[in-house]
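Descriptive structure summary
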Amino acid sequence: VTYQYNETIWEMINRLAQYQGVLAYPDANGGIIFSDIGKTVEDTLDEKKNILEINAQIDASAKFQKYIVVSHSGSADRKVSTVRAEAIDNSVKSPRSKIIIISKNTDKNGAQARANWEMAMHTAKSFHANVTVPGWKNSSKKIWQINTQVYLNAENIGIQGNFLIESTKFLLEQERGMLTQLTLV
């Protein structure tokens, strides 16, 4: 592991986790969880029912048309060969490519998984919605959790679909009481 100049420990852990195709995020006790992206939809957020405030930012500059992963496969016993895989994001019209060079030995499936992961991560980074909801718990009476999905229905700003909770912030205000600010990607 090489520490990069001016990089925090958390940034280094997050960078290394991304190389392995997993998310790294804190747990309630100050530890670190390494996990795949949460796949279950835990709740529904609807602007007519439980959303107090919402704002969204879309930044397509974080997306590329092609994600190309290059690595090598082989060992001292076998011939070393170049492995190449790519993922294509059809929603990006300009011919922008991102090349990711993996320094570890990998096969075609591993390279393809990394290309898909890079595309998913850049797509997630291109969209953020900040949603404020009443209370600290979801409709199942569980505390809102990072890395769970919610269905977001915000027709007034043209957003509908499943989104991942990237971060949570629990607030206690004198006027509105307990609130949760969710950052969705």
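Worth saying up front: this structure is predicted, and the values here are computed from it rather than measured.

This next bit is on the environment of Ser97. Looking at the element boundaries, Ser97 is found in strand β7 (residues 97-105). For the pair Ser97 and Asn55, spaced 42 residues apart in sequence, the C-alpha to C-alpha distance is 30 Å. Apart from residues lying up to four places away in sequence, Ser97 is in contact with Phe64, Lys66 and Ile68.

Here strand β9 (residues 149-154) lies mainly inside the structure; five of its six residues are buried. Where strand β3 (residues 41-46) lies against β9, five bridges are found, and the strand directions are parallel. Counted as the bridge partner of Asp46 is Asn153 from β9. Taken together, the six bridges between β9 and strand β10 (residues 159-173) define a ladder with antiparallel strand orientation.

Glancing now at a nonpolar patch on the surface. Together, Trp10, Ile32 and Phe34 line one region of the surface with nonpolar side chains, adding up to about 300 Å² of accessible area. For Phe34, the position within the fold is in strand β2 (residues 32-35).

Criteria and thresholds
Residues numbered from 1 in each chain as written. Predicted model: local features only at pLDDT ≥ 70, side-chain atom pairs only at ≥ 80, totals over all residues. Heavy atoms only, no water. Helix = DSSP H or I, 4+ residues; strand = E, 2+ residues; numbered from the N terminus. Contact = heavy atoms within 4.5 Å. Buried < 20%, exposed > 50% of the residue type's maximum accessible area, 1.4 Å probe, protein only. Pairing = 2+ DSSP bridges. Patch = residues over 30% accessible without salt bridge, like charges linked within 9 Å, V, L, I, M, F, W, Y side chains within 5 Å. Areas by Shrake-Rupley, 256 points an atom, 1.4 Å probe, with all protein chains shown as cover. Salt bridge = Lys/Arg side-chain N within 4 Å of Asp/Glu carboxyl O.

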